[in-house]
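# Tertiary structure, described
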Amino acid sequence: MKKVVLSGMRPTGKLHIGHFVGALENWIKLQNDFQNFHLIADYHVLTTSLDTSNIERDSIEMAIDWIASGIDPEKSPIFRQSKIKEHTELHLIFSMLITTSRLERNPTVKEQVRDLNIENITYGHLGYPVLQAADILLYKGNYVPVGEDQVPHIEITREIARKFNSTWGEVFPEPEPLLSQFARLPGLDGNAKMSKSLNNAILISDEPDEIKAKLRKAVTDPQKIRKNDPGRPEICLVFTYHKKFNPEETQEIEIGCRSGVLGCVECKLKCSDKIAKFFEPVREKRKELELKLDIIKDILVEGEKRARKVAQVTMNEVHEKMMFG
Ligand code: TRP
């Protein structure tokens, strides 16, 4: 039997190219060797926003980006958390297996509280790694492709699995994180993270002229003011993009930038062309899919049926072990 990979994302609408590099590319590679489940974590959105008016549309936009990028829903079901009640059931049981002080020590949650200026964290927000543990263990996930920031949640998932197994008997594996080897792309403003909410992102769906316009404004080495000033590619986000999307010319660009032969304007133009070209097939596929929203909805319903079956088997096993009958 193939090992199970559980990957998930919160639905934030259209994805950016950082999502592609940091996550999707990895998922696509994994789909041949593992049984993958692709979760749209729509309930998780509630932890930071109660505005749910766009949640369905955002989930669909995200699914379109996944499929256009190469996720094959026939191989790997795509489904929404909110449509499979077993997530919330298992979450309730798991919430008895971990203390609040353990959850308060989670560095990722602490960081979020600080970054978002949250005065009083809600019970649900503090417990979101517990819901995440239910997401993973419901499908008996062995591996979870995540970024560094999610590793503490996987550790909590392992602790919960151990606690359940030692209390009621072996049901769950202890999942391991799979870190993607290419770290997230920096944002256009030089921020370490590309993010839609920081308004520093290039979207997968952006047209070539949008990419060009966005890159034109990207922050580069502040010491390179004129074309002939020598630049420092190691601190330039545009150079990071070149490394990813234009590997064949990276060396030449590095030499040109350092020696002052290559100016930022030209370097950015080259870079936008490469990014536009790289995502051309994804953009085309995306346009096709946008015209067939019924098909996307059917894909989700189908994925939900398949996921629900697996989830129900696990929940029955849980109830049996716990002697709920
Ligand atoms: N917490 C993840 C995030 O904020 C999203 C997520 C929810 C997830 N459930 C998951 C990721 C299960 C992997 C597995 O990005």
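Residues numbered from 1 in each chain as written. Predicted model: local features only at pLDDT ≥ 70, side-chain atom pairs only at ≥ 80, totals over all residues. Heavy atoms only, no water.

## Observations regarding the layout of surface pockets
Defined as follows: Space inside and on the surface of the protein is sampled on a 1 Å grid over the protein atoms alone, with a cavity defined as a set of points where a 1.4 Å probe fits but cannot get out and a pocket as an open set with protein on both sides within 12 Å along at least 5 of 7 lines; lining residues have an atom within 4 Å of a point. Grid points are joined across faces, edges and corners, and a volume is the space filled by probe spheres set on the points. Counting from the N terminus, the helices are the DSSP runs of H or I reaching at least four residues and the strands are the DSSP runs of E reaching at least two. Residues are sorted three ways: Asp, Glu, Lys and Arg are charged, Ala, Val, Leu, Ile, Met, Phe, Trp, Tyr, Cys and Pro are nonpolar, and all the rest, Gly among them, are polar.
Considered as a void within the structure, the second largest pocket measures approximately 410 Å³ in volume. If you go around the second largest pocket, you meet 19 residues; those closest to its centre are His91, Ser95, Tyr123, Gly124 and Gly127. Counting residues per element, the lining of the second largest pocket draws most heavily on helix 6 (residues 123-126), at four residues. Residue composition of the lining of the second largest pocket, grouped by class: ten nonpolar, nine polar and no charged.

## Points about helix 8 (residues 151-168)
Just so we agree on the cut-off: Working rule for helices: expected span equals 1.5 Å times residues minus one. Only protein chains enter the accessibility calculation, which uses a 1.4 Å probe; a residue is then buried when its area is under 20% of its type maximum, exposed when over 50%, and partly exposed in between.
Taking 1.5 Å of rise per residue, 18 residues should cover 26 Å, and helix 8 covers 26 Å from first to last C-alpha, within 8% of that figure. Taken together, the buried positions of helix 8 are Pro152, His153, Ile154, Ile156, Thr157, Ile160, Ala161, Phe164 and Asn165. Backbone geometry just after helix 8 places glycine 169 at a positive phi near 115 degrees.

## Concerning the pairing of strand 1 (residues 4-9)
Which entries qualify depends on this criterion: By definition, two strands form a pair when at least two bridges between them are found by DSSP. When the strands point away from the viewer and the path from the first strand over the helix to the second turns clockwise, the crossover is right-handed.
Among the six residues that make up strand 1, five are buried, leaving the element largely enclosed by the rest of the structure. Examined bridge by bridge, strand 1 and strand 2 (residues 35-40) share six bridges and lie parallel to one another. Bridging across to strand 2, methionine 9 finds its partner in isoleucine 40. A crossover connection joins strand 1 to the parallel strand 2 through helix 1 (residues 17-30); in handedness this β-α-β unit is right-handed.

## Quick notes on the site of the ligand
The line we're drawing: Proximity is defined per residue: if any heavy atom of the residue lies within 4 Å of a molecule or strand, that residue is considered near it. As used in this structure description, the phrase polar contact means that two N or O atoms lie within 3.5 Å; if the pair is within protein, one of them must be able to donate a hydrogen and the other to accept it, and residues adjacent in sequence are counted only when both atoms belong to side chains. Only the protein chains shown count as cover for residues, and all accessible areas are computed by the Shrake-Rupley method using a 1.4 Å probe.
If you check the shell around the ligand, you find Leu6, Gly8, Arg10, Leu39, Ala41, His44, Tyr128, Gln132, Asp135, Ile136, Val144 and Gln150 and nothing else. Here arginine 10 contributes a side-chain N or O atom positioned 2.9 Å from an oxygen atom of the ligand. A distance of 3.1 Å is found between a nitrogen atom of the ligand and a side-chain nitrogen or oxygen belonging to glutamine 150. Alone, the ligand offers 370 Å² of accessible surface; in the complex the protein occludes 89% of this. Elements that contribute at least two residues to the shell around the ligand include exactly strand 1 and helix 7 (128-137). In terms of residue count, the dominant contributor to the shell around the ligand is helix 7 (four residues).

## Some points on the domain arrangement of the protein chain
Defined as follows: Where a domain begins and ends is set by an automatic assignment or by a domain database. Should any heavy atoms of two residues lie within 4.5 Å, those residues are counted as being in contact. Simply put, the buried area is the total loss of 1.4 Å probe accessible area from both parts when two parts are fitted together. Just to be clear on terms, a salt bridge is a Lys or Arg side-chain nitrogen sitting within 4 Å of an Asp or Glu carboxyl oxygen.
As assigned here, the protein chain comprises domain 1 (4-185 + 293-322) and domain 2 (208-278). Between domain 1 and domain 2, the C-alpha centre-to-centre distance is 36 Å. At the interface, six residues of domain 1 touch six residues of domain 2. Between domain 1 and domain 2 lies a buried interface of about 510 Å² when both sides are counted; carbon and sulfur atoms form 86% of it. Run the count over domain 1 and domain 2 and you get one salt bridge. A salt bridge links glutamate 25 to lysine 244; the shortest N-O distance between them is 3.0 Å. Class assignment of the residues belonging to the side of domain 1 that touches domain 2 gives a composition of five nonpolar, no polar and one charged.

## Observations regarding the pairing of strand 5 (residues 176-179)
Note that strand 4 (residues 143-146) and strand 5 share four bridges and pair parallel. Residue pairing across strands places tyrosine 143 opposite glutamate 176, the latter belonging to strand 5.

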